[in-house]
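# Per-entry structural report
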Amino acid sequence: MITNREEVLENALRVFAKMNYEKASQMEIAKACGLSKAGLIYYYPFKLDLFVAVIDKYVFGMQAAENKFRFKAASLSEFIDRYVAGVERTMCKLLSLLDDGNNPAGCSINFYYYHLMMQVRIYYPNVEERIAELFRQDYEFWKAAIQSAMDSGEIRSDLDLDDTAMMFRHVFFGLSFEQSFLRGLDTARLARELRFVYSLIKA
């Protein structure tokens, strides 16, 4: 029997990711939690409250740069390795939460997370600023590493800082999105792609 909020959130995460906000009724979520509808309402009286709590924890919380990338790197080369490790660590945690053996659409588990992200944009209240801040954090993280590498002479000094950060960021975002439609993000390939970009700008 589910008796705490953490387990309710984990089960609701799977339901929202594999169905969608509109189809995921409180009864459906309660069933996944091993609760009656009244039992679910005890924790979260409204479905939107539950959705917001799920997104706060598993999207805005887990994807925040300070939670995802807790490291300092002496070079951009080291930064790339540690960045990929942070991506892999976060992805493995999310996949372990989402992969309960139930795969109704036969998709990669990564795809279900992107499916959840699309719903965030539609249903999370006043979401645009929250998403913009999430992306800004990641760009600033890259920009700081790139600026340091430019200052040290590790990479070319004539690069545009914003464009260079965007290039690295788009490699990650584009590859992870594309591969979610297949078998999910291959972090070894991500590392190779980021290192290829690095080779193009190395001093």
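Structure's up top.
A brief report on the enclosed structure follows. All of these numbers come straight from a predicted model, not from anything done at the bench. (Residues numbered from 1 in each chain as written. Predicted model: local features only at pLDDT ≥ 70, side-chain atom pairs only at ≥ 80, totals over all residues. Heavy atoms only, no water.)

## Things to note about the overall build of the protein
Looking only at helices and strands, the protein features ten helices and zero strands. Listed N to C, the secondary structure of the protein is α-α-α-α-α-α-α-α-α-α in terms of helices and strands. A principal-axis box enclosing the C-alpha atoms of the protein has dimensions of 65 × 30 × 25 Å. Counting all 203 residues of the protein, 46% fall into the buried class. Within the protein, contacts between residues separated by at least 24 positions form 67% of all contacts whose residues are at least 6 apart in sequence. (Helix = DSSP H or I, 4+ residues; strand = E, 2+ residues; numbered from the N terminus. Buried < 20%, exposed > 50% of the residue type's maximum accessible area, 1.4 Å probe, protein only. Contact = heavy atoms within 4.5 Å.)

## Notes on the packing of aromatic side chains
Tallied over the entire structure, the rule returns 22 aromatic pairs. For the pair phenylalanine 69 and phenylalanine 71, a centre-to-centre distance of 6.3 Å together with 85 degrees between the ring planes defines the contact as edge-to-face. Classification of phenylalanine 69 by relative accessible area gives buried; the value is 4%. Taking 5.4 Å as the distance between ring centres and 20 degrees as the angle between the ring planes, the aromatic pair formed by phenylalanine 69 and phenylalanine 141 counts as stacked. With a gap of 72 residues between them, phenylalanine 69 in the loop between α5 (65–68) and α6 (76–98) and phenylalanine 141 in helix α8 (residues 127–152) connect regions that are remote in the sequence. By the ring-pair criterion, three or more aromatic residues cluster together here, those being Phe69, Phe71, Phe79, Tyr83, Phe141, Trp142, Phe168 and Phe172. A cation over a ring is seen here: arginine 169 above tyrosine 139, with NZ or CZ 5.9 Å from the ring centre. For the cation-ring pair, arginine 195 lies above tyrosine 198, with the distance from its terminal atom to the ring centre recorded as 5.9 Å. (Phe/Tyr/Trp six-rings, centres within 6.5 Å; stacked < 30°, edge-to-face > 60°. Lys NZ or Arg CZ within 6 Å of the ring centre and 35° of its normal.)

## A closer look at unusual backbone geometry
Located in the positive-phi region is asparagine 126, a residue other than glycine, with phi close to 50 degrees. Secondary-structure assignment places asparagine 126 in the loop between α7 (109–123) and α8. Looking at asparagine 126, the relative accessible area reads 76%, which means it is exposed.

## Remarks on the pattern of salt bridges
Under the defined criterion, the tally for this structure stands at 13 salt bridges. Put simply, aspartate 56 and arginine 130 hold a salt bridge, and the shortest N to O gap is 3.7 Å. Here arginine 130 lies in helix α8 and aspartate 56 lies in helix α4 (residues 47–61), a separation of 74 residues in the sequence. Look at aspartate 56 and you get partly exposed, because its relative accessible area is 31%. Residue classification places arginine 130 among the partly exposed positions, given a relative accessible area of 34%. (Salt bridge = Lys/Arg side-chain N within 4 Å of Asp/Glu carboxyl O.)

## So, helix α1 (residues 5–18)
In this model, α1 (14 residues) spans 20 Å end to end at C-alpha, consistent with the 20 Å of a helix rising 1.5 Å per residue. Across the 14 residues that make up α1, a large majority, ten, are buried. Listing the buried residues of α1 in full gives Val8, Leu9, Asn11, Ala12, Leu13, Arg14, Val15, Phe16, Ala17 and Lys18. At its buried positions, α1 is contacted by α2 (26–33), α3 (37–43), α4, α6 and α7. One side-chain oxygen at the N-terminal end of α1 lies 3.1 Å from the backbone nitrogen of glutamate 6; it belongs to asparagine 4. (Expected span 1.5 Å × (residues − 1). Polar contact = N/O pair within 3.5 Å; in protein donor to acceptor, adjacent residues only side chain to side chain.)

It is worth stressing that arrangement in space is one thing and function is another; only the former is reported here.
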